[in-house]
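Listed below, chain by chain, are the residues.
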Amino acid sequence: MTQPKPFEPKPIIYSNLTRPISQSFRLPKPIRQTKTLIRSNLKVKAFRVFGGFSCSLNHRVFLHLQIQSQLKMEIHDVSDELEIKVKKYQRGEAADLESLEDKKLKGQLANKEELFKKSANAAAKAEKWLMQTEEGRLEPEGLEKTWRFNQQSIANEVDVASRKNQFDLVLPDLGPYTLDYTSSGRYMLSAGRKGHLSIIDLHTLKPIKDMQVRETVRDVAFLHNELFFAAAQKKYTYIYNRAGTELHCLKEHGPVLKLQFLKNHFLLSSINKAGHLHYQDITTGQMIGNYSSRLGRSDVLQLNPYNSVLASGHSGGTVCMWKPTSQAHLVKMLCHRGAVTAIAFHPNGHLMATAGMDKKLKIWDLRTYKPVQTLPGLAKSIDFSQKGMLATSTGSFVQVLATSDSQDYSRYMIHTMAKGFQINKVLFRPYEDVLGIGHSSGLSSILIPGSGEPNFDSWVANPYETVKQRREKEVRVLLDKLPPESIMLDPTQIGNLRNSRKKEKPTKEAIEAEKEAAVAAAKNVSIKKKTKGRSKPSKVARKKQEGIEQAKRSFVEQNEDGVMKKKQKRVTDTSDLPIALQPFVSRKAT
């Protein structure tokens, strides 16, 4: 018989005794309950750890002290992290209320400061407990440079799900390709110049629809969801559904070069070969705007996500901003000394990047309309990510710029296409650290750590939404549709009262009261006494009467001037008409 082995107690693992506080959504308030739970379950856990033997009192005291110190450290770390997040949401330094003498104003400002403090704390807690996912970033050590890391080295370090986002689709006979993503980033729409259209589900990497229209396709754009998309083909613009069925042919747009969709207003905008800009409401089919840029052909059109203003780049180096309710451009900027090749807007709407044939990349502050940074290099396509990274492409070379501590953009990552494929368009994928590339021989997707927003809002864009959720969202978005008049450079002005430019005409009662006041003032005028018979009572009375008549005459002249202006306007309007139509115009003053 084999003798039994002597018992060997297992080592104590303190990290498995308690659940970390970071897994709970509550703040350090219920610490007393946690301690009680630990004391009540301490003997059971110790029994399990020691392999069937209950621990002694000394061991229990030791474990209790270790747990207590661990709890204090975690509480201290949580409070420090919350303080850092609160500072991020604070609105500057608090107002100095001690120097104020007005008690009412002091009370109002104190209430506002209290509200600001509560909102900052609420925002910090929401970010801490609800936004659990943190954004990634390449962090070099020592003399390393982030742009020296290639895609292969990044793919070896990320998880399997992220590695799946790195792929290449080689389609050499149908390029060059352009692409577009839905607002949730789940679906990708690609179009080849020679008529190839496809929709791909990026979660499963399976094509939903793949078709050939047998016609030149210049640009594509998703509409409000993945069920509908627009394609700018050789002669007209067409709208298709997810199954590839043609729904509408938009002949009024003409041969379109670029498409943009305004999702908050349900407007499909385009610019064609003749430089005409079109806005069409896809819910009613009404053409909201049809204007000429008067600056020639342009294939550069970009939407500002902050205020839904469109920007077009032209061959003279100018960038014009448009809205559908105005034929004239809102802003016209001379950005380059050569033709503008690409435009991109930062998600916050305050920065604009432009590239031109003068081999310069400029970043503009749209609050002052002045350049904040100028970088050398020619770029055919540029795009901002959700976190503010800027991707540029030239030939077969891709460069990603990111802000540093000095708030200036510098090189973050680079990538060179295999076999010298010429890049046609670069576009960041929403809510993913992925950059989509459409080139002359197909499509590519590369990993850019830190480019996407890690936490999505399911009320705005849900990559995992069901059919029922999609239908409810479609109804909700249609009910919240904004009118075209709400598009302006400063959307914060919506809801404010506009200052009246025309002066309000005074009423008859006001005119009579003013006239009586002027007559009374003329009667009370004191006349200087003069010698040699010039201050006789009759002469003094005559002078006062002349002053009264002069005061009355001024009001009569004002009235006659208004009547004359109306007559002149009527005559001018009549003279503008042809001679054959002048006898039919009414002679009555309006």
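Preceding this section is the structure that the text describes.
Residues numbered from 1 in each chain as written. Predicted model: local features only at pLDDT ≥ 70, side-chain atom pairs only at ≥ 80, totals over all residues. Heavy atoms only, no water.

Draft legend 1. Spotlight on helix H3 (residues 103-129). Helix length check: H3 (27 residues) gives 39 Å between terminal C-alpha atoms against 39 Å at 1.5 Å per residue, within 8%. The backbone nitrogen of lysine 104 lies 3.1 Å from a side-chain oxygen of the residue at the head of H3, namely aspartate 102. (Helix = DSSP H or I, 4+ residues; strand = E, 2+ residues; numbered from the N terminus. Expected span 1.5 Å × (residues − 1). Polar contact = N/O pair within 3.5 Å; in protein donor to acceptor, adjacent residues only side chain to side chain.)

Draft legend 2. Broad picture of the pairing of strand E20 (residues 360-365). Judged by how many residues are buried, E20 sits mostly within the fold: five of six residues are covered. Relative to E20, strand E19 (residues 351-356) runs antiparallel, the two sharing six bridges. Bridge pairing in E20 links alanine 353 to isoleucine 363. Pairing geometry for E20 and strand E21 (residues 370-376), over six bridges, is antiparallel. Across the sheet, residue tryptophan 364 finds its bridge partner in E21, namely proline 371. Hairpin connection of E20 to E21: four residues between the antiparallel strands, including tyrosine 369 at a positive phi of 55°. (Buried < 20%, exposed > 50% of the residue type's maximum accessible area, 1.4 Å probe, protein only. Pairing = 2+ DSSP bridges.)

Draft legend 3. A look at the environment of alanine 355. Structurally, the position occupied by alanine 355 is in strand E19. Once the C-alpha coordinates of alanine 355 and isoleucine 382 are considered, the two residues, 27 residues apart in sequence, prove to be 7.9 Å apart. Excluding residues within four positions of it along the chain, alanine 355 makes contact with His336, Ala339, Val340, Thr341, Ala342, Lys360, Leu361, Ala379 and Ile382. (Contact = heavy atoms within 4.5 Å.)

Draft legend 4. Molecular detail of the sheet that holds strand E24 (residues 397-403). With antiparallel pairing, four strands are arranged side by side in an open sheet as E22-E23-E24-E25. Across the chains shown, the open sheet's two edge strands, defined by having one partner strand only, are strand E22 (381-384) and strand E25 (409-416). Taken pair by pair, the neighbouring strands of this sheet meet at an average axis angle of 20°, ignoring direction. Examined bridge by bridge, strand E23 (residues 390-394) and E24 share five bridges and lie antiparallel to one another. Residue pairing for E24: threonine 394 is matched across the bridge by phenylalanine 397. (Axes fitted to C-alpha atoms, helices over the stretch in contact; angles between N-to-C directions.)

Draft legend 5. Summary view of unusual backbone geometry. With an omega dihedral of 0°, the bond running from glycine 175 to proline 176 counts as a cis peptide bond. The phi torsion at tyrosine 431 lies on the positive side, around 60°, for a residue other than glycine. Mapped onto the secondary structure, tyrosine 431 falls in the loop between strand E26 (423-428) and strand E27 (434-439). The class of tyrosine 431 is buried, set by a relative accessible area of 19%.

Draft legend 6. Up close: the nonpolar core. Counting residues in hydrophobic clusters, the biggest one holds 25 residues, and the most contacted among them are Tyr279, Val319, Met321, Met333, Ile343 and Met352. Every element with two or more residues in this core is listed here: strand E11 (267-272), strand E12 (276-281), strand E14 (300-303), strand E15 (310-313), strand E16 (318-322), strand E17 (331-334) and strand E18 (340-345). Those residues in contact with valine 319 that sit more than four places away from it in its chain are Ala311, Ser312, Val331, Lys332, Met333, Cys335, Val340, Ile343, Met352 and Thr354. Val400, Met413, Val434 and Ile437 belong to the second largest nonpolar core, which has 20 residues in total. (Core = buried A, V, L, I, M, F, W, Y, C linked by side-chain atoms within 4.5 Å.)

Draft legend 7. Fine view of the pattern of salt bridges. Overall, the coordinates contain five salt bridges when judged by the stated rule. Close ionic contact of lysine 481 with aspartate 281 constitutes a salt bridge, the shortest N to O distance being 2.5 Å. With lysine 481 in the loop between helix H6 (467-479) and helix H7 (508-523) and aspartate 281 in strand E12, the pair connects residues that are 200 residues apart, well separated along the chain. Residue classification places lysine 481 among the partly exposed positions, given a relative accessible area of 25%. (Salt bridge = Lys/Arg side-chain N within 4 Å of Asp/Glu carboxyl O.)

Draft legend 8. Structural view of a positive patch on the surface. On the surface, a cluster of positive charge is contributed by Lys528, Lys530, Arg534, Lys536, Lys539, Arg542 and Lys543. As for its placement among the helices and strands, lysine 528 is situated in the loop between H7 and helix H8 (537-576). A residue is classified by how much of its surface remains accessible, and lysine 528, at 69% relative accessible area, is exposed. (Patch = residues over 30% accessible without salt bridge, like charges linked within 9 Å, V, L, I, M, F, W, Y side chains within 5 Å. Areas by Shrake-Rupley, 256 points an atom, 1.4 Å probe, with all protein chains shown as cover. Lys, Arg positive; Asp, Glu negative; His and termini not counted. Charge placed at Lys NZ, Arg CZ, Asp CG, Glu CD.)

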